[in-house]
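Chains, contacts and geometry: an overview
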4 protein chains.
Amino acid sequence: MALRAAVAGASGYAGGEVLRLLLAHPEIEIGAVTGNSNAGQRLGALQPHLLPLADRVLEPTAPEVLAGHDVVFLALPHGQSAAVAEQLADGTLIVDCGADFRLNSAADWEKFYGSGHAGTWPYGLPELPGGRAALKGASRIAVPGCYPTAVSLALFPAYAAGLAEPEAVVVAASGTSGAGKTPKPHLLGSEVMGSMSPYGVGGGHRHTPEMVQNLSAAAGRPVTVSFTPTLAPMPRGILATCSARATAGVTAHTLRAAYETALRDEPFVHLLPEGQWPSTAAVHGSNSALLQVAYDETAHRVIAISAIDNLTKGTAGGAVQSMNVALGLPEELGLSTIGVAP
Amino acid sequence: MALRAAVAGASGYAGGEVLRLLLAHPEIEIGAVTGNSNAGQRLGALQPHLLPLADRVLEPTAPEVLAGHDVVFLALPHGQSAAVAEQLADGTLIVDCGADFRLNSAADWEKFYGSGHAGTWPYGLPELPGGRAALKGASRIAVPGCYPTAVSLALFPAYAAGLAEPEAVVVAASGTSGAGKTPKPHLLGSEVMGSMSPYGVGGGHRHTPEMVQNLSAAAGRPVTVSFTPTLAPMPRGILATCSARATAGVTAHTLRAAYETALRDEPFVHLLPEGQWPSTAAVHGSNSALLQVAYDETAHRVIAISAIDNLTKGTAGGAVQSMNVALGLPEELGLSTIGVAP
Amino acid sequence: MALRAAVAGASGYAGGEVLRLLLAHPEIEIGAVTGNSNAGQRLGALQPHLLPLADRVLEPTAPEVLAGHDVVFLALPHGQSAAVAEQLADGTLIVDCGADFRLNSAADWEKFYGSGHAGTWPYGLPELPGGRAALKGASRIAVPGCYPTAVSLALFPAYAAGLAEPEAVVVAASGTSGAGKTPKPHLLGSEVMGSMSPYGVGGGHRHTPEMVQNLSAAAGRPVTVSFTPTLAPMPRGILATCSARATAGVTAHTLRAAYETALRDEPFVHLLPEGQWPSTAAVHGSNSALLQVAYDETAHRVIAISAIDNLTKGTAGGAVQSMNVALGLPEELGLSTIGVAP
Amino acid sequence: MALRAAVAGASGYAGGEVLRLLLAHPEIEIGAVTGNSNAGQRLGALQPHLLPLADRVLEPTAPEVLAGHDVVFLALPHGQSAAVAEQLADGTLIVDCGADFRLNSAADWEKFYGSGHAGTWPYGLPELPGGRAALKGASRIAVPGCYPTAVSLALFPAYAAGLAEPEAVVVAASGTSGAGKTPKPHLLGSEVMGSMSPYGVGGGHRHTPEMVQNLSAAAGRPVTVSFTPTLAPMPRGILATCSARATAGVTAHTLRAAYETALRDEPFVHLLPEGQWPSTAAVHGSNSALLQVAYDETAHRVIAISAIDNLTKGTAGGAVQSMNVALGLPEELGLSTIGVAP
């Protein structure tokens, strides 16, 4: 018998992608779909690509609407999840696509988000060391940020194997959907087409402490991350270029071997054959992460590059994958590794 | 037991899309994948988004390779299908994504393609009047062109109901994948990004006679089509703006009613609610066609606009849909009506 | 001695483009630059491409700020120009980039804009028959809409020569800057990239009566225009595909001859050699309009296609060109026919 | 009296941009325009944006064609410049947009280009310490690569002031025109739109030794550069994100002060106000480089980001600027600091 899932924040990009994936999930039946300012509108007017749900009407994001579901996905602005979650039954699996419960450190939360820390939930990146164990049977899941997903997958094998010095440098390009659906001048098509621009430079981006948390855990020692995000003229996709000084004795061979070992059994993380490089187009709409790693002999650095779809593996796909693990379903259920290209 | 399907021309855009859809088809097992100049290469290097097939190696497009399959998809350059088809067993279902067998008129073929006419096969647009009947049990299918699919779906209800004069005017914008994967200067990213341009103006485009054929059949009298295709800065999608003088007595109400009646039971053609207009983004990767129709009172014209994904409903999805009909499978099997957006 | 020009609405796309062109104009010195909600901000933060003006601070759009200039460009939301204009001295040349004074017919204005008609000013399309004469010495100029510019240039030679029946069908694709800088969900980069969509279908677009006005004047009899605008995934550019039934006796030769004659001496409208088609990329940032014309023998239609930059020839360039004519300066002064491509 | 300039390789992107800029240069008259396989074609068919040159016919790239000009721009494939240059008169100013004469080290040339080293010419980046002096009166100029221009401008102030450790990490995104006009599958619009992808990872890109050369000279000691280029879905522009560990005692204040001092008098390099970040759109078609610099306190790194137009400041604009210096003309002559945006 199918499980019933509600999606709060169904008019946004993350909520829409959760719905797109749940429509293809054989064990899930879509229950309530809710919005805030859009409550009362047809979903067809807001998410015209979700044709089977076109006649659904958005309900308000309220406890009584979300009650009675087996799973509730929260795709709300940061800081709003805790209030909603505490009104839901303990037995409900809550999957939070927001940032609220990702960080272990209350100090980090307060520094980067400027409000009280709501707590820490099991972290929805099964590929990290110990990641699956933490999710099994969980009733609360904090879905990782899109950048931390791309960066953590790219670098954790190097850190777990002790091949990289603890000062990572990351430059990542993201499609515009990562910035959400709220209209702002700098996100207009006229502004972003034909343009690349950085933002949150110098350590200020809120995803930085999340990367630090993941990579430090993998390394077993504190890792710093110099993170520069850039906005790219495409709707979806993250390309993360990550590097760190190699530790003594690293060779191209030991590096590749470490990645092959770490990723061998992963269904969604794919180390490309040598000489082939990831592109975001190849993972458009898929839950795959494509990886490649290189050793720059002259600069003595490990360079790991990952491509994901920020909305799929980076948000909604990661959420569904983690839900599968939590519920004891096959991890790949309802998720595709096939991109829509060209 | 699954049917085995081969795909000839698997390194191109049409062939790649056929494979993408077949991977999701529950009754199909993918057999041989073949190429011409790319034979011997890993599919992963040519179609990196088709991750489950990454380690497949392209075989040459040869009769002995294609033999022994239940279904053979041909995604070859125009004019090459006949030679391949005649070497395959009669019982094999051959689905030709090329133009070779689409036209009834040998004279039209010779005028627009400049070679001998290979014949006419059942036409793979089930939505046309009589379309399904012609496909049931067929062992040969001519998949429509992408533009004729978009235009025929947009206008056949008006012509079938006698609401439009027989001089259609069509301007359609296509994504660049419609022009194929063979590198040419005008298809470079540098040239197409930020640019709209027409081509084949004045009646010269090869898809014109196919539109004329379909609309004349729907109207029961000869229809002319003034067709202007334009190249749009996007990889996928066709937006077709089609119009014709309204016949006497047409009102907005009778027009809409005719479309509602004609499309009521169609699984893949969706008339949008009044006031909502189709976009190609909403059908990205889906087999849906989104339609809207309007009556321009001042100019006294019927205006019908359709959006499809040129590679899905416009090529590979139409091919799979027609295959389903021919084989007696549920028409929607393995096909999605959900787009990947934004 | 240079003339001083003020630009009201300098933070928007039209105002920004006026400034870009005035910076290159040898007879103009830029005076006040004004905004409404952005008053008080550095122009560098709003228009970072206008580096020489980066430290200018936007003043409020007020009579005392705009007073004392030789020329005042208004790039304001429709309906606001009249109130500003009436407070400026009679001798000031006012160039209105808005719609307020374009239409001759008060009834049309009221139907399409829903407010009282402010009046009619000399129309800033010098290429139209009688266009230059109407502008010479004018102290008020109504700059044409971007679509009417593209469409009128494409079709007036056919209508003026009596080669086209009076029912024009126009489908035009516009870059997103035509929709302005006010953030709206459907204009987000995430929504427009990879997507084509129509709007204002069925006669409702406000630029329709302006096209009707221009083409009827050229034809010397009433012309109807069935106009469908579409939004294209590019920041700039309009490609207008325009057609009409040919009148009796038209041939490809007479058609081309009529265009050659009509456009022979135009500095900014360029009929391409036969076989070459316009693209919006080729006019990116230039004041040129590229044209091509074809006679579709089968459909018996005249097809004329034009490409312009909606912000340059379609707005600010047309404004500066008309200003030059009004002031008795060389018409091409400060304007370029060279596009920025690729 | 104007100087006559020839452009060899006028059908490519670099050659086309040289022509675009020379058309606006008051002291230059355009002489011969040459091509290789395109010789005999109208320039209008190849570079339709260069309207004033549309009727020029490409001549072959031969000594007798290039002879008799005051300046000859070479925009040829790497490795072809030496043979052409040695056949031109000593007094001719040769400006080579190719790589042939950029590197001081013959060993580096051989390692990265695999052929014999042709020599070293004065380097066309006037902003580098000593850059102008080296160019004054020169009769040979090696125009820098596009990436080295962006990266050297971003980091030289930090290195010259001793504020950065000698291990630079650079990730740069380039528009597709940087890859040239020769059609290749991975450069098709269908492939690049919606996609980011890296290439030449791990130290292999040919522009790396040029960056090392420039930054080492600025630092006065050997600097390594870990350089990862990425292809971005836009026709033009480079965004270079460059970083290095800060040396002891660096503060945000000392860092900014060093950049302000180094760039104070530069006409084309513009340090943005604090809090504002460069975008490639703002320099589209302009010769400006926009810079911003930040000190990441946690990661203890200097982060410098630059945006240029790869074809303008990164190639043809840099070439014209250096020509101006060499000829004793005002350095800014014929060059614009204004971008075409949006």
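For every chain, the first residue of the written sequence is number 1, and numbering continues from 1 along that sequence. To label them, take the chains in the order written and letter them from A, then take the ligands in the order written and number them from 1. With pLDDT at 70 or above as the cut-off, local features in this predicted model cover only qualifying residues; side-chain atom pairs require 80 or more to be listed or tallied, and sums for whole chains, interfaces and linings still use all residues. Only hydrogens and water are set aside when side-chain values are computed; all heavy atoms of the structure are taken into account.

Cut-off, in case you're wondering: UniProt positions are given in the numbering used here, feature names are shortened, and annotations may be inferred rather than shown by experiment.
In the nomenclature of an unreviewed UniProt entry, chain A is known as N-acetyl-gamma-glutamyl-phosphate reductase of Streptantibioticus ferralitis. In UniProt, chain A has this text filed under Function (unreviewed entry): "Catalyzes the NADPH-dependent reduction of N-acetyl-5-glutamyl phosphate to yield N-acetyl-L-glutamate 5-semialdehyde."

**Things to note about the side chain of His 207 of chain B**
We count it as follows: Elements are defined by DSSP. Helices are runs of H or I of four residues or more, strands are runs of E of two residues or more, and each kind is numbered from the N terminus. In this description, contact between two residues means that some pair of their heavy atoms is separated by no more than 4.5 Å.
Structurally, His 207 of chain B is set in the loop between β8 (197–198) and α9 (208–219). Residues within four places of His 207 of chain B in sequence aside, it is in contact with Arg 102, Gly 145, Cys 146, Tyr 147, Pro 148 and Phe 227 of chain B.

**Here we look at the UniProt feature "active site" (unreviewed entry) in chain A**
Annotation from UniProt places "active site" (unreviewed entry) at Cys 146 of chain A. Topologically, Cys 146 of chain A is positioned in helix α7 (residues 146–160).

**Brief notes about the packing of helix α1 (residues 13–23) of chain D against helix α11 (residues 312–327) of chain D**
Residue and element names in this part refer to chain D. As a reminder, the rule being used: All axes are obtained by fitting lines to C-alpha atoms, using only the stretch in contact for helices, and the reported angles, taken between N-to-C directions, cover 0 to 180 degrees. Angles below 35 degrees are treated as roughly parallel, those above 145 as roughly antiparallel, those between 65 and 115 as roughly perpendicular, and all remaining angles as oblique. Crossing handedness is read from the near helix: turned anticlockwise from the far helix by less than a right angle, it gives a left-handed crossing, and turned clockwise, a right-handed one.
For the pair α1 and α11, the least separation of the axes is 9 Å and the interaxial angle reads 50 degrees. In terms of orientation, α1 and α11 fall into the oblique class. Two packed elements cross with a definite hand, and for α1 against α11 that hand is right-handed. On α11, the residues that touch Ala 14, Glu 17, Val 18, Arg 20, Leu 21 and Leu 22 of α1 are Thr 312, Thr 315, Ala 316, Gly 317 and Val 320.

**Describing the interface of chain A and chain C**
Rules: A simple way to read buried area is as the amount of 1.4 Å-probe accessible surface that goes missing from two parts once joined, with both sides added. The salt bridge definition used is simple: a Lys or Arg side-chain nitrogen within 4 Å of an Asp or Glu carboxyl oxygen. The nonpolar class holds Ala, Val, Leu, Ile, Met, Phe, Trp, Tyr, Cys and Pro. Asp, Glu, Lys and Arg form the charged class, and all remaining residues, Gly among them, are polar.
Tallying the contact residues gives 19 residues for chain A and 19 residues for chain C. Both sides of the chain A and chain C interface together cover about 1400 Å² of buried area, and 67% of this is carbon and sulfur. Of all residues in chain A, the largest losses of buried area upon contact with chain C belong to Leu 188, Ser 190 and Met 193 of chain A, amounting jointly to 42% of the total for that side. Linking chain A with chain C are zero salt bridges. In terms of residue count, the dominant contributor to the side of chain A that touches chain C is helix α8 (residues 189–192) of chain A (four residues). Among the residues forming the side of chain A that touches chain C, the class breakdown is 10 nonpolar, six polar and three charged.

**Here's the deal with the sheet that holds strand β10 (residues 238–245) of chain A**
Residues and elements named next belong to chain A. For clarity, the threshold we go by: Strand pairing follows a simple DSSP-based rule, namely that at least 2 bridges must link the two strands.
Within the open sheet, the seven strands sit side by side as β8-β9-β7-β10-β13-β12-β11. Their pairing is mixed. Among the strands making up the open sheet, the edge pair consists of β8 (197–198) and β11 (269–271). Note: β11 against strand β12 (residues 289–296), three bridges, orientation parallel. Bridge pairing links Leu 271 to Leu 291 in β12.

**Quick look at the relation of the copies chain C and chain B**
Under the convention used in this document: A least-squares fit on C-alpha atoms brings the copies together, and the residues used are those whose pLDDT is at least 70 in both copies.
For the pair chain C and chain B, the superposition axis carries a translation of 0.0 Å, the fit reaches an RMSD of 0.0 Å, and the rotation angle comes to 180 degrees. Both copies of the chain, as the preceding transformation shows, are related through a two-fold rotation axis. Same-surface contact between copies: 100% of interface residues of chain C are shared with the interface of chain B.

**Details of the pattern of salt bridges**
As a reminder, the rule being used: Whether a residue is buried, partly exposed or exposed follows from its accessible area with a 1.4 Å probe, protein chains only, as a fraction of its type maximum: under 20%, in between, or over 50%, in that order.
What the rule picks out here adds up to 50 salt bridges over all chains. Here Asp 55 of chain D makes a salt bridge to Arg 42 of chain D, at a shortest N to O gap of 2.9 Å. Highlighted residues: Asp 55 of chain D in the loop between α2 (43–46) and β3 (59–60) and Arg 42 of chain D in the loop between β2 (28–35) and α2, separated in sequence by 13 residues. What makes Asp 55 of chain D exposed here is its relative accessible area of 64%. On the accessibility criterion, Arg 42 of chain D (26% relative accessible area) is partly exposed. Beyond isolated ion pairs, a larger network of salt bridges with shared partners links Glu 17, Arg 20, Arg 236 and Asp 309 of chain A.

**Digging into the interface of chain C and chain B**
Taken residue by residue, the interface counts 42 residues in chain C and 42 residues in chain B. Summing both sides of the interface, chain C and chain B together bury roughly 3200 Å²; the carbon and sulfur share of this comes to 65%. Summed over the three residues of chain C that lose the most area to chain B, namely Met 196, Pro 198 and Val 201 of chain C, the buried surface amounts to 17% of that side. Across the chain C-chain B interface, the total number found is two salt bridges. A salt bridge links Arg 245 of chain B to Glu 167 of chain C; its shortest N-O distance comes to 2.8 Å.

**Some words on the relation of the copies chain A and chain C**
With an RMSD of 0.0 Å, the fit of chain A onto chain C corresponds to turning through 180 degrees and sliding 0.0 Å along the axis. Both copies present the same face, since 100% of the interface residues in chain A are matched by interface residues at the equivalent positions in chain C.

**Considerations on the sheet that holds strand β13 (residues 301–308) of chain B**
Residue and element names in this part refer to chain B. With mixed pairing, seven strands are arranged side by side in an open sheet as β8-β9-β7-β10-β13-β12-β11. Strand pairing shows two members of the sheet lacking a second neighbour, β8 and β11 (269–271), which therefore form its edges. Pairing analysis gives seven bridges linking strand β12 (residues 289–296) to β13, with the strands arranged antiparallel. Bridge pairing in β13 places Ala 294 opposite Ile 303. Together, β11, β12 and β13 form the strand contacts of helix α10 (residues 252–263), whose direction differs from that of β12 by roughly 160 degrees.

**A short note on unusual backbone geometry**
Here the residue pair Ala 341 of chain C and Pro 342 of chain C is connected by a cis peptide bond, since its omega of 0 degrees sits within 30 degrees of zero. Structurally, the position occupied by Pro 342 of chain C is in the segment after α11 (312–327). At His 300 of chain A, a residue that is not glycine, the phi angle is positive and equals roughly 55 degrees. Among the secondary structure elements, His 300 of chain A is positioned in the loop between β12 and β13 (301–308).

**Re the pairing of strand β7 (residues 167–174) of chain D**
All names here are of chain D. Of all eight residues in β7, seven are buried; the element is thus mostly enclosed. Judged from the six bridges that link them, β7 and strand β10 (residues 238–245) form a sheet pairing that is antiparallel. Across the sheet, residue Val 171 finds its bridge partner in β10, namely Thr 241.

**Digging into helix α5 (residues 106–113) of chain B**
Residue and element names in this part refer to chain B. What counts, and what does not: Here the arc refers to the directions that run from the helix axis out to each C-beta atom. Any pair of N or O atoms that falls within 3.5 Å is considered a polar contact. Within protein, one atom must be able to donate a hydrogen and the other to accept it, and sequence-neighbouring residues count only if both atoms are side-chain atoms.
Burial in α5 covers these residues: Trp 109, Phe 112 and Tyr 113. One side of α5 carries all its buried residues, which in axial view fall inside an arc of 85 degrees. Turned more than 90 degrees away from the buried face of α5 sit Ala 107 and Lys 111, all of them exposed. Where α5 is buried, its residues touch α9. For α5, the N-terminal cap is Ser 105; the gap from its side-chain oxygen to the backbone nitrogen of Ala 107 is 3.2 Å. One or two residues past the end of α5 sits Gly 114, with phi positive at roughly 70 degrees.

**Quick notes on helix α7 (residues 146–160) of chain D**
Residue and element names in this part refer to chain D. To keep things clear, this is the line we draw: Residue count minus one, scaled by 1.5 Å, sets the expected span of a helix. The reported bend at a residue is simply the angle between two axes, fitted to the 7 residues ending at it and to the 7 residues beginning with it.
Between its first and last C-alpha, α7 extends 21 Å over 15 residues, near the 21 Å set by a 1.5 Å rise per residue. The principal kink in α7, of about 35 degrees, is found at Ser 152. α7 sits mainly inside the fold: 14 of its 15 residues count as buried. Looking at the residues trailing α7, positive phi occurs at Gly 162, about 70 degrees.

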